[in-house]
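Tertiary structure, described
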Amino acid sequence: MNPLLDVEVKTIRQLTPLVREFTFAAVDGKLPRFSAGSHVQVHLPVPGRALRNAYSLLGDPSEPSSYRIAVRLQDDSRGGSRFLHEQVKEGDRLQLSPPANLFAPSSQARHHVLVAGGIGITPFLAYIAELERRGASFELHYACRGGLTDAYRAELAERLGERFHAYDAAAGRRLDLGEALAERPLGSHVYVCGPQALIDDVRETAARLGWADKRVHWEAFAAAEPGSPFVAELASSGKRIEVPGDTSLLEALEQAGVEVPNLCRGGVCGQCTTPFLKGEVEHRDSYLSEEERTTALMPCVSRGRCGSTLTLDL
Amino acid sequence: MPVTLKPLESYRDDFTFRNSPEAIARFPFPFPEDQYMYSVNIEPATPGAPGSIYEHWFDIDEHYRSETTERAKVLQKDPQRCIVMPHMHEACWDTLEVIMTHLAADYPELFRLTRDGDQWTWENHVQDIRQSFTFGDADTLPYEPLEYIGRQVQGDFALLDQRDNDLFMDAGIVTGPADWSLAFDAGMSFKQWHSPVPMAHELGVFDRALKYLLNIQVDRPVRRLNWTMTINPRLDTSSETFHEWGRERGMVTPENVGRLVHLRVELQFMARLARSNALMFSIRTYLISLEELVTNPAWAQRLHRVLRDLPQALADYKGLSRYRQTVVDWLRQYDPEAAA
């Protein structure tokens, strides 16, 4: 595995009551460069847990002297966002996994339509820096709730002018995707990051309006959601691992010293796919086919049924 | 341990290329078993033993002068061996950066890089180059960045754009390919440029390999070996020059086989490029004559068995069919079981 990056929290900014921005600098040496759309996994030393949450890098990719992320406090937080909001202070040290990109801008796009919902704005901040540097044509649609989930709204409005469209639900403005995606020039690509409902809406609307699949890109920032406790059993050793309700199977495996390759920790990249032999699975990924799900699961999000035992081929 | 570079030898015309005993000792013999079949033989490219070809990202060996001179000759005759599509400029700068940083760190006696923001100075003591330039500004270099650094490193480079869950060969500098052509493959997807390969598609090799390559992360490169055979130590066996080398397959006799026929092994090295998110696919080619190879008895015995039992479709695809039997007959003397 790659060595983790040791970083220091340089600055923390409270952008809205729900959104905090963190700037990280390397403790020694340099931070690796990254491409627009990349994320890092932040390792969170929550007592008694080994949480790793994935966050988009929102700085300018051409200036990688520091990394920035923005974190929304989640109502149903399993502890990660709450820890970052309430425990982490400037000067603290954290560990990051190196950047990985599952949401890169397409090299073939002639025009980029960016659609953000709430904290889904984060990858697009890096996009905007990159697209401006390339002199690319783009526009940004930002669905938010004024004063709560509208981080960066004022500076984006100033920076982008007519290319920026904000839809403040608190002021009764709704994003009309039928309008935003209609009659766009051929060669346009649409990118969406936000809640699942928004992603579904963009994909359905684009399909209805005749957009080719390969011109529609999305990134769910879904992290593992809590569930019921169950037991995972490793077929090779017979070892039994208790998985509490607020811990993902992947995290429980990692805590037990079992490393499983992973990138997104949100059920989309397929890296952590693990075969199972026995047990009932609650599949929560958006990657595996129905057929694959009969023999494998993605432990970053999926779980065994409540109280059951799941035998993994590990 | 500093590399000792040989004086200039040739990969064409009089073919003076030879391997020293040290080069033979570090040759990447590619067969782990007596039988060969396609597999997804990709592994993490963790640093190998000191002196081995796996020690560094970019292996510089005794043939450095000859190989870079050969590349310059090929590019002079055929500039289309370096192709960069407009959306790949970032990936070219990424490539220049990784090659320069690694060469300077791994071979400080040969290369030196000084960086001050975007003002860089690159020194190549072998080629007597001292170049100051602005990183990101192609006008400050004598060549486009991929070609500039490509002329100073051994091995071919294809840069793959990643989009639509696929890889596209949208840039490269390829002067020593094993019977393919960058100009022909340019713009193709992963499965398109692999479509001539027999049997492997049915085995699902390319589905699995593509999935693996798409997920390669920055600073976590992977590698694999591939192989074929070449008549004479000829690096440029590109489709474009087939008329020059194809006929040589008919020249193999029992008398000249050991000298003429070469095992050609490619160390393929794949790394994610940080700024562009493109995938760098480098192909570092090692040539060894059968005469040189049989100085290692275990290799001689195994190569005999591999070639003897190689499926015909693979022999055809690799272009071995015309002279395979002559090679097998000659190698038999080194296989105690078969010779008896």
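Residues numbered from 1 in each chain as written. Chains lettered and ligands numbered in written order. Predicted model: local features only at pLDDT ≥ 70, side-chain atom pairs only at ≥ 80, totals over all residues.

As for the overall build of chain A
Check the secondary structure of chain A and you find six helices and 19 strands. Its C-alpha atoms give chain A a radius of gyration of 20 Å, within 12% of the compact-globule value 20 Å for 314 residues. By its C-alpha atoms, chain A is 60 × 50 × 35 Å across when sized along the principal axes. Within chain A, the proportion of its 314 residues that are buried is 45%. Summarising the internal contacts of chain A: among those between residues at least 6 apart in sequence, 66% fall at separations of at least 24. (Helix = DSSP H or I, 4+ residues; strand = E, 2+ residues; numbered from the N terminus. Rg over C-alpha atoms; globule rule 2.2 N^0.38 Å. Buried ≥ 20, exposed ≤ 12 C-beta atoms within 10 Å, placed from the backbone. Contact = placed C-beta atoms within 7 Å.)

Quick look at the domain arrangement of chain A
All names here are of chain A. Partitioning chain A into domains gives domain 1 (5-100), domain 2 (111-220) and domain 3 (230-312). The C-alpha centroid of domain 3 is placed 26 Å from the C-alpha centroid of domain 1. No other element matches the three residues that strand β4 (residues 51-56) contributes to the side of domain 1 that touches domain 3. Looking at the side of domain 1 that touches domain 3 residue by residue, the classes come out as four nonpolar, two polar and three charged. (Domains from an automatic or database assignment. Nonpolar A, V, L, I, M, F, W, Y, C, P; charged D, E, K, R; others polar.)

Things to note about the sheet that holds strand β7 (residues 166-173) of chain B
Residue and element names in this part refer to chain B. Judged by pairing direction, the sheet is antiparallel, and its seven strands sit side by side in the order β1-β8-β9-β10-β6-β7-β2 without closing on themselves. The sheet is open, and its two borders are formed by β1 (43-44) and β2 (82-84), each paired with just one other strand. Sheet analysis places strand β9 (residues 261-272) next to strand β10 (residues 279-289), joined by 11 bridges and oriented antiparallel. Directly across from L267, in β10, lies its bridge partner R284. (Pairing = 2+ DSSP bridges.)

Observations regarding the sheet that holds strand β9 (residues 138-144) of chain A
Adjacent strands of a sheet form backbone hydrogen bonds with each other and so pair up, either parallel or antiparallel. Residues and elements named next belong to chain A. Strand order in this open sheet of five strands is β10-β9-β8-β11-β12, and the pairing throughout is parallel. Bordering the open sheet on either side are β10 (164-168) and β12 (216-220), each of which pairs with just one other strand. The sheet shows a mean angle of 10 degrees between the axes of neighbouring strands, direction not considered. Across six bridges, the pairing between strand β8 (residues 111-117) and strand β11 (residues 188-194) is parallel. Of the residues in β11, the one forming a bridge with H111 is S188. Helix α2 (residues 122-134) contacts β8, β9, β11 and β12 of the sheet and is inclined by roughly 160 degrees relative to β8. (Axes fitted to C-alpha atoms, helices over the stretch in contact; angles between N-to-C directions.)

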